[in-house]
Amino acid sequence: MSLTPIPGITLLRAMQIGKETVFSTQVPATRRLPWSFTPTVDPHWTNPTGETGTLDPAVAPYRQAMDVTGQSVGELYANDSPYLWAALTKAGVTPSTVGTSGKKWIFAPASTTQDAFETFTVEHYDDATADSFTYTGGVLDKLVLSFPQNLGPILATADWRFANVVSYPSTPTGALSVDTNPTPLFCADTELFIDATSGGIGVTKLTNAMYDATITISNGLDIKRFANGNSTRFQAANYGRGARLLETSFTLAKSTAALAEVANWLNANPVERFVDLKTTSPVFAGIGQPYSQDIRFAGYWFTRADATVSTNTAVSLVCHNIYDTGLTYPFQATLVNTLSAL
């Protein structure tokens, strides 16, 4: 006698993504991403408020505007990272060719105007095929990049927001698989530069200083919902830009350079700092072009705390970014990989 396994195995989950051409209009997935993904769909079923002559609810509930969110978690690979930066920042970014086969992506969002959103269709399913979901109008509300003390791969935690759920149960795009030989972006390959001017950003390296770092970029999205008739009903109609914040926490050894930054934090007047976190892989995307990620921003130190790393005392410094007219952007992520298009 054979026994059929109970469906719903976590290892058989898959997250697949495709770039939309029209907001919240479903497209086939073009890439399977190697991350764990946990979705939350809330149609906000609500009990009526009227008195019914009963101690218990007696009238059927009704729906309201729907919230569709999800969180992806996993290692940051060079050829997957553009999907995160595009969903976080802006539409229309295409790579230039560098070297023989390298592709350079530059994500530098506007601050004095609103960039258009790049939106995505995401498919999520496992071996319980009757419970497959497709989400449309996907963007990122928050991205957290963690550079671990063990110097392993950078970890990416992404909070997704979607406009709608379509075709449940859905039929996922077939014939996709994850990249089986990806190039991780390692904390071990990361350098920290802190400078005093926009023109000098990326010049002064802090050696033997950074134990770990965490970059958190929050979009503060404004969800737009309009009464447009029953063709759209409960889905989100658009997103508005909110108050964005990039906050970076560094754990630093008590080196001379690190303590100089503590002095800047404690200065009577704010001291603007220009930060560059540059990750350069030993693996090459093309001749003379290693896989890389370069994150630049300006900001001020807001908090300092004591920290401990093994048997050493350390300091934790937290920087809040600003829009700097010298840089002309609030932050910039420059990626080199071999991904030619989203």
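Student: Explain the overall build of the protein chain to me, and be specific about the residues and the numbers.
Tutor: Across its full length, the protein chain holds two helices and 19 strands. Counting only C-alpha atoms and orienting by the principal axes, one finds that the protein chain spans roughly 70 × 50 × 45 Å. Classification of the 342 residues of the protein chain by burial places 47% in the buried group. Approximately 16500 Å² of the protein chain is accessible, and the part contributed by carbon and sulfur atoms is 52%. Between the averaged position of the 21 positive side-chain charges in the protein chain and that of its 28 negative side-chain charges there is a distance of 5 Å.

Student: Could you give an account of the side chain of Asp294, with specific residues and numbers?
Tutor: As for its position among the elements, Asp294 is in strand E17 (residues 289–309). If we ignore the near neighbours within four places in the chain, the residues touching Asp294 are Asp276, Leu277, Lys278, Gln332, Ala333 and Thr334.

Student: Would you mind going over the nonpolar core in detail, with residue names and values included?
Tutor: One finds Leu84, Trp85, Leu145, Trp160, Leu192 and Phe250 to be the most contacted residues of the largest nonpolar core, which totals 64 residues. Sequence-distant contacts of Leu145, that is, excluding residues within four places in its chain, are made with Leu76, Trp85, Ile154, Leu155, Ala156, Ala213, Thr214, Ile215, Gln293 and Ile295. Listed in part, the six residues of the second largest apolar core include Val139, Ala163, Leu221 and Tyr239.

Student: I'd like a rundown of the pattern of salt bridges, residues and numbers included.
Tutor: Under the counting rule described, the total for this entry stands at eleven salt bridges. The partner of Asp67 in a salt bridge is Arg161, and the shortest N-O contact between them spans 2.7 Å. Highlighted residues: Asp67 in strand E4 (residues 67–75) and Arg161 in strand E9 (residues 155–162), separated in sequence by 94 residues. Look at Arg161 and you get buried, because its relative accessible area is 15%. Where Asp115 meets Lys90, a salt bridge forms, and the shortest distance between an N and an O atom there is 3.9 Å. One end of the pair, Asp115, is in the loop between strand E6 (102–107) and strand E7 (120–125); the other, Lys90, is in the loop between helix H1 (81–88) and strand E5 (96–98), and 25 residues separate them in sequence. The burial state of Asp115 is the same as that of Lys90; both residues are buried. Each member of the salt-bridge network shares a partner with another, and the members are Asp276, Lys278, Asp294 and Arg296.

Student: Lay out helix H2 (residues 256–265) in plain terms, naming residues and giving numbers.
Tutor: Every buried residue of H2 is accounted for by Ala258, Glu261, Val262 and Asn264. Along the axis of H2, the buried residues cluster in a sector spanning 155°; they form a single face. Residues of H2 that are buried make contact with strand E11 (190–195), strand E15 (245–253), strand E16 (273–286), E17 and strand E18 (312–322).

The rules behind the values
Residues numbered from 1 in each chain as written. Predicted model: local features only at pLDDT ≥ 70, side-chain atom pairs only at ≥ 80, totals over all residues. Heavy atoms only, no water. Helix = DSSP H or I, 4+ residues; strand = E, 2+ residues; numbered from the N terminus. Buried < 20%, exposed > 50% of the residue type's maximum accessible area, 1.4 Å probe, protein only. Areas by Shrake-Rupley, 256 points an atom, 1.4 Å probe, with all protein chains shown as cover. Lys, Arg positive; Asp, Glu negative; His and termini not counted. Charge placed at Lys NZ, Arg CZ, Asp CG, Glu CD. Contact = heavy atoms within 4.5 Å. Core = buried A, V, L, I, M, F, W, Y, C linked by side-chain atoms within 4.5 Å. Salt bridge = Lys/Arg side-chain N within 4 Å of Asp/Glu carboxyl O. Arc of directions from axis to C-beta.

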